[in-house]
Amino acid sequence: MDLFLQQVLNGLTLGSIYGLVALGLTLVYGILHVPNFAHGALYMVGAYVSYVTMVDFGVNYWLAMIAAAGVVALLAVLCERLVFNPLRHAPPIHDKIAAIGIMLFLEALVQMHWGAEFRRMPTPYTEILNVAGMTIPAQRVLIIIGAFSLMAVLHLFLKKTMTGSTIVAMAQNREGAFLVGIDANRVAMMTFAISGGLAAVGATLFAPINLVYPAMGHLLIMKAFVIIILGGMGSIPGAIVGGLIIGFAEAFGGFYISTDYKDIIAFALLVVILSIKPTGLFTKGVR
Amino acid sequence: MSNGKFKRFCRLACASAIALAATGAQAAETVTIGFTGPLSGGAALYGQNTLEGLQMAAKEINDKGGFQVDGETYEINLVSLDDKYSPSQAAVNGKRLVQQYDAPVIFTPHSGGTFALQAFNERSGFLVMSYTSVPTVTEKGNDLTVRIPPTFTGYMKPFTKIAMAENGKKVAVANATHDYAKYWTKAFVPTWEAMGGTVVANNPMDYNKSADFYTGVSKVLAEDPDVLFIGGASEPTALVAKQARELGFKGGFVIMDQAKMGEMSKIIGGYDMLEGSVGVVPLTLYEEQGAKDFVAKYHKLNDGKDPTTEVAYNYFALYSVVQAMKEAGTVEDAKAIRAAIGEALKNLAPENNPYGVTEIDAKGGMMADPNIATVKDGKVVLQRISEVLGE
């Protein structure tokens, strides 16, 4: 039984981080209508910013997280202003190429400055709780609580505030949003800022139980793509539920079947779900 | 080509010919040492590290004015070509190095490249210096091949012996899934069983593609092993060890030689979590004088950066080739150079031989007796393989 609960915990940890990263991706998809391949690179930059503020400047963990969120949000806005906004009338393929370009640029930049080696991010929460035969490191609890409260805040923001509603309106119907006088530039910048901030917070939460290196975004971004396809492109509940599905599939599949096959299990699930619901689980989002 | 362009081309060609002639006149003689390895792509860092060792040795030798063979002074001209880790490209590079540059010796840091060069090295008369621990490169009986590092199979018995004595006889396999890890598992499991142990779980994990190892590690720990066999790149391996401890594992680790304990301790903050483990350590922890001298020299040249195993072995390998040329009295006859390597190893200066290699077997494998490390009471204890097995 405790082994089962341990897997529930593992699934929750993975699922909440996957969900958080996928959320940012799905939000930007609502605006750009192309997947932002550079999202994983933003996640990676977020981890490096927290690492540097914490290790080189000796700043507290939470302040480092805020700093990372700020820097990456700014970086995401810059990407929108300098790259995606000028391309808004271009065919979608240009956006995709530009996104890949940003990803390669950021990775090369980080690797040039900090090298390709692995780094370990410190965390003040190193206790390990033992509850009913389960091992629960404090950082993992923090990941789950942090990710879910952030999702809740984002949900409230999008549903209950006027600014949030403009994002939803843009995602649902671009022309309609223009007709009621929503400023497309402002919404686009805001969406990019939120998605960058989410990526940086996700990275700061997750990096202490993992490693920091220039290619760290690849793994997560691949999962995040699967998740938003699974959940329905542009759908917010889809990203959260999709994240949890993939997280649990990896934890349980890896434990009860084989760790070697856990990715196969996740992708097989994707095939099954898409063959039943070809547009993803939650199709109310965009298109 | 237009007339103007052609003239410019001629002028350029003349200039470079003169430049070449000028350099030729300055140095008495040069001997070309070839290198083919991955200098771009995913394995670029590895390739660069191996080349760095050769460059360091070549520079030292040339800065001292070269070396004497049969009364003539020679300088080393190191020609490196990129093969992107591809055997077919290595073969093309090999042909170029022999035909265009007339290289009597070619270094390559991968088994695929070695096999490709072995297809024609005896016919074309050049010596292959292979930096790979895959045993088959020398077992095929190629007369002009030298394997520089020891084979990984040499670690099986001492690792098993120590791990069993320290922890117990039940092992769970939780190493990585790449080819090298699979070769290791294939050799390790039979050794463990032959020495009276049992394998209670076998669950390799993709160290590079897993966001988290909790699931995989808790799966093997459910079988209650005494020893966990882990290993991949040092850093993820350290995470696997840490997560196993968090999940309540009390036994020891057998750490595959790809991971270095020194690197792992940086990730997990010391050796406490590795209590009862056996593995390999980087050269910087060796206590032999030759190793210390080499590390000090490397630190001085590189702002205190630690030398990698690749740098150290390839540095040593070029020195041993040069020494063999001196012993053989030729820089051209690959057979004579190969035959003289055994003698050369005995006469190498310790600072040029950081691993203290003194012998080469009949098939061309260098016989190093590397240190292996055990963690006892939070401290690293070093022993030579021969000491462990001789007990």
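Note that the structure is predicted; figures quoted are calculated from it, not measured.

It is not clear to me how the packing of helix α1 (residues 2-32) of chain A against helix α5 (residues 138-160) of chain A should be interpreted in this structure. Could you clarify?
When two helices pack together, their arrangement is given by the angle between their axes and by how far apart the axes lie. Residue and element names in this part refer to chain A. With their axes 9 Å apart at the nearest point, α1 and α5 run at an angle of 40° to one another. Our classification of the angle between α1 and α5 gives oblique. For the pair α1 and α5, the crossing hand works out as left-handed. On α5, the residues touching Leu 9, Leu 12, Thr 13, Ser 16, Ile 17, Gly 19, Leu 20 and Leu 23 of α1 are Arg 140, Ile 143, Ile 144, Ala 147, Phe 148, Leu 150, Met 151 and Leu 154. Grouping the constituent residues of the contact of α1 with α5 by class yields twelve nonpolar, three polar and one charged.

What is the right way to read the interface of chain A and chain B from this model?
One widely used convention gives an interface's size as the accessible area the parts lose upon coming together. Contacts between chain A and chain B engage 24 residues on the former and 21 residues on the latter. Breaking the side of chain A that touches chain B down by element, the ones donating at least two residues are α1, β2 (134-137), α9 (216-231) and α10 (236-257) of chain A. In terms of residues, the side of chain A that touches chain B owes the most to one element, α1 of chain A, which gives six residues. For the side of chain A that touches chain B, a count of residues per class yields twelve nonpolar, nine polar and three charged.

Is there a simple way to think about the pairing of strand β4 (residues 105-108) of chain B in this case?
Consecutive residues of a regular strand have side chains that alternate between opposite faces of the sheet. Residues and elements named next belong to chain B. Going residue by residue along β4, you find Val 105 and Phe 107 tucked away on one face and Ile 106 and Thr 108 tucked away on the opposite face as well. Bridging between β4 and strand β5 (residues 127-130) involves four bridges; their strand directions are parallel. Along β5, the bridge assignment pairs Phe 107 with Met 129.

Please clarify how the confidence of the model for chain B should be interpreted in this entry.
Predicted coordinates in regions of low pLDDT should not be interpreted in detail. Residue and element names in this part refer to chain B. Overall, the predicted model of chain B reaches an average pLDDT of 88, with 92% of residues at or above 70. The spread of mean pLDDT over the elements of chain B runs between helix α1 (residues 3-26), the lowest at 51, and β4, the highest at 97. Scored below 50 in pLDDT, residues 19-27 makes one contact in the model with residues more than four places away or belonging to other chains. The ipTM assigned to the predicted complex is 0.80, against a pTM of 0.78.

Would you mind showing me how to read helix α9 (residues 214-221) of chain B here?
The periodicity of an α-helix, 3.6 residues per turn, causes residues three or four places apart in sequence to face the same way. Counting buried positions along α9 of chain B yields eight of eight residues, so the element is predominantly enclosed. Among all positions of α9 of chain B, only Tyr 214, Thr 215, Gly 216, Val 217, Ser 218, Lys 219, Val 220 and Leu 221 of chain B are buried. The inward-facing, buried residues of α9 of chain B contact α1 and α10 of chain A together with β7 (170-173), β8 (198-202), β9 (227-230) and α10 (234-246) of chain B.

Calculation notes
Residue positions are counted from 1 within each chain, in the order its sequence is given. The order in which chains are written sets their letters, starting at A; the order in which ligands are written sets their numbers, starting at 1. The model is predicted, so local features are restricted to residues of pLDDT at least 70 and side-chain atom pairs to those at 80 or more, both for listing and for counting; the totals for chains, interfaces and linings are taken over all residues. Between the N-to-C directions of two axes lies an angle of 0 to 180 degrees, each axis being a line fitted to C-alpha atoms and, for a helix, fitted only over the stretch in contact. Starting at the N terminus, helices and strands are each numbered in turn, a helix being any DSSP run of H or I of at least four residues and a strand any DSSP run of E of at least two. Comment on the angle field: the value is read as roughly parallel under 35 degrees, roughly antiparallel over 145, roughly perpendicular from 65 to 115, and oblique elsewhere. For any helix crossing, the convention is left-handed if the near helix is rotated counterclockwise from the far helix by under a right angle, and right-handed if that rotation is clockwise. With C-beta atoms placed from the backbone, a contact is any residue pair whose C-beta atoms sit within 7 Å. Lys, Arg, Asp and Glu make up the charged group, whereas Ala, Val, Leu, Ile, Met, Phe, Trp, Tyr, Cys and Pro make up the nonpolar group; the residues left over, Gly among them, are polar. Each residue is classed by its C-beta neighbour count within 10 Å, where at least 20 other C-beta atoms makes it buried, 12 or fewer makes it exposed, and intermediate counts make it partly exposed; the C-beta atoms are placed from backbone geometry. Paired strands are those between which DSSP finds at least two bridges. pLDDT expresses, on a scale from 0 to 100, how confident the predictor is about each individual residue.

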